[in-house]
Amino acid sequence: MTTKKKTGRQPRDVTNATGPAAPFARLMQELRPTEMTLETLSEKTGLALSTLSKITDPDRVASWQTMTAYFTALGHDPNRWRPIWDAYADDKQRRAAGLPALPEQRSEHQRMLPQHVLNLEHFAIGMLDLIMLQNMPYKQIVSRALQTGASLSMSTVSDVVTGKRLPTEAALEGILLGLGLTEADAEYNDWFHARYVLEAARRREKLQAKGITFRTSSRPRRVRHMRTQVRGQE
């Protein structure tokens, strides 16, 4: 006699949810690995299944205490997600959470624009803010990008918004096109400029790590004249 393998509780489908916290719920669902059941997550966080189910509630976000345990269990820095959570939490939840740990997050939440990007983390937050603003799940972004002829995958989108890596130009193009931005939009070009600045800084750091430095000299460079004679026109 064979016994059926007991499977863990599957997450609720919030793809088409329309509640006030639906964008946040979709993002939290996509952040969690598909193979991770609620039972496994409960063991890692020490939270009850009923508490964990509130994380993908499209009508109201879970408490910051619950979200901190969730992000930590998934290997993410909770502080990085605080501004996003603040945008969907109500006043009572924000008061209970207290001030953010990072001083720069203690002002009212504002979207990270490409002109304000200074590092990879800023870039990731900006991409995440843009996705949240458009209220679009990863799957839809990828689908729309592919329709334009761009190359993009859900794993690439995830890597970009979690700050794992700076997107390639092709990947950035796919994300922006998938979100409905085109070359006619000023922000479209601004994101490419922000990426260029970070890529140039990264290459400079690699060269400096190899002992190659960039120095300027006050001594005038001697111009070497060509030794080969140029034949005149006959």
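Analysis parameters
Residues numbered from 1 in each chain as written. Predicted model: local features only at pLDDT ≥ 70, side-chain atom pairs only at ≥ 80, totals over all residues. Heavy atoms only, no water. Helix = DSSP H or I, 4+ residues; strand = E, 2+ residues; numbered from the N terminus. Buried < 20%, exposed > 50% of the residue type's maximum accessible area, 1.4 Å probe, protein only. Contact = heavy atoms within 4.5 Å. pLDDT = per-residue confidence, 0-100. 1 Å grid on protein atoms, 1.4 Å probe; cavity = no way out; pocket = protein on both sides within 12 Å on 5 of 7 lines; lining within 4 Å. Points joined across faces, edges and corners; volume = space filled by probe spheres on them. Nonpolar A, V, L, I, M, F, W, Y, C, P; charged D, E, K, R; others polar. Expected span 1.5 Å × (residues − 1). Phe/Tyr/Trp six-rings, centres within 6.5 Å; stacked < 30°, edge-to-face > 60°. Lys NZ or Arg CZ within 6 Å of the ring centre and 35° of its normal. Core = buried A, V, L, I, M, F, W, Y, C linked by side-chain atoms within 4.5 Å. Axes fitted to C-alpha atoms, helices over the stretch in contact; angles between N-to-C directions. Parallel < 35°, antiparallel > 145°, perpendicular 65-115°, else oblique. Left-handed = near helix turned anticlockwise from the far one by under 90°. Polar contact = N/O pair within 3.5 Å; in protein donor to acceptor, adjacent residues only side chain to side chain.

Here we take up the overall build of the protein. What the protein contains, in helices and strands, is eleven helices and zero strands. In the protein, buried positions account for 38% of the 234 residues. Long-range contacts, defined here as pairs at least 24 residues apart, represent 59% of the contacts in the protein between residues at least 6 apart.

The subject of this paragraph is the confidence of the model for the protein. For the protein, the average pLDDT comes to 82, and 80% of its residues sit at 70 or higher. Ranking the helices and strands of the protein by mean pLDDT puts helix α10 (residues 169-178) first, with 96, and helix α6 (residues 91-97) last, with 83. In this model residues 1-6 is a low-confidence stretch, pLDDT under 50, and it forms zero contacts with partners more than four residues away in sequence or in other chains. In the predicted structure, residues 216-234 sits below a pLDDT of 50 and forms zero contacts with residues beyond four places in sequence or in another chain.

The next subject is empty space enclosed by the protein. Counted under the stated rule, the structure contains one cavity of 30 Å³ or more. When its volume is computed, the largest cavity comes out at roughly 60 Å³. Looking at the largest cavity, the residues that line it are Pro-23, Arg-26, Leu-27, Glu-30, Ile-131, Met-132, Asn-135, Met-136, Pro-137 and Tyr-138. For the lining of the largest cavity, the element with the most residues is helix α1 (residues 22-31), which contributes four residues. A breakdown of the residues in the lining of the largest cavity according to their chemical character gives seven nonpolar, one polar and two charged.

Once that is clear, we can look at helix α11 (residues 186-209). Over its 24 residues, α11 extends 35 Å from the first C-alpha to the last, a length consistent with the 34 Å expected when each residue adds 1.5 Å. For α11, every residue scored as buried is listed here: Glu-187, Tyr-188, Trp-191, Ala-194, Arg-195, Leu-198 and Glu-199. Looking at the packing, one finds that the buried side of α11 touches α7 (120-134) and α10. Two residues or fewer after α11 comes Gly-211, characterised by a positive phi angle close to 90 degrees.

Further remarks concern the packing of aromatic side chains. This structure, assessed with the given rule, holds seven aromatic pairs. Seen from their ring centres, Tyr-188 and Phe-192 are 5.1 Å apart, and the 50 degrees between their planes marks the pair as tilted. Of the two residues, Tyr-188 and Phe-192 are both situated in helix α11; the distance of four residues between them amounts to about one turn of the helix. Look at Tyr-188 and you get buried, because its relative accessible area is 4%. Just above the ring of Trp-81 sits the side chain of Arg-80; from NZ or CZ to the centre is 5.5 Å. One residue, Arg-82, lies across the ring of Trp-64, its end atom 5.3 Å from the ring centre.

Along the chain, Ala-21 turns up in the segment before α1. With a relative accessible area of 2%, Ala-21 lands in the buried category. With 38 residues separating them in the primary sequence, Ala-21 and Asp-59 have C-alpha atoms 5.1 Å apart. Residue contacts for Ala-21: discarding those within four places in its chain leaves Asp-57, Pro-58, Asp-59, Arg-60, Val-61 and Tyr-88.

This part takes up the nonpolar core. The nonpolar side chains of a soluble globular protein tend to be buried, and buried together. Residues Met-28, Met-67, Tyr-70, Phe-123, Met-127 and Trp-191 are the most contacted members of the largest nonpolar core, which totals 52 residues. In terms of residue count, the dominant contributor to this core is α7 (seven residues). The contacts of Met-67, once residues within four sequence positions are left out, are Phe-24, Met-28, Ile-55, Ala-62 and Trp-85.

This part takes up the packing of α7 against α11. α11 packs onto α7 with a crossing angle of 160 degrees between their chain directions and a minimal axis gap of 10 Å. Here α7 lies roughly antiparallel to α11, going by the angle between them. Viewed along their axes, α7 and α11 form a crossing whose handedness is left-handed. Packed against α7, whose contacting residues are Leu-120, Phe-123, Gly-126, Met-127 and Leu-130, the element α11 presents Glu-187, Trp-191, Ala-194, Arg-195 and Leu-198 at the interface. Among the residues making up the contact of α7 with α11, the classes are represented as seven nonpolar, one polar and two charged.

On to the environment of Asp-185. Along the polypeptide, Asp-185 turns up in the loop between α10 and α11. When its relative accessible area of 32% is taken as the criterion, Asp-185 is described as partly exposed. Here the side chain of Asp-185 touches Thr-182 through a polar contact of 2.8 Å, landing on its backbone nitrogen.

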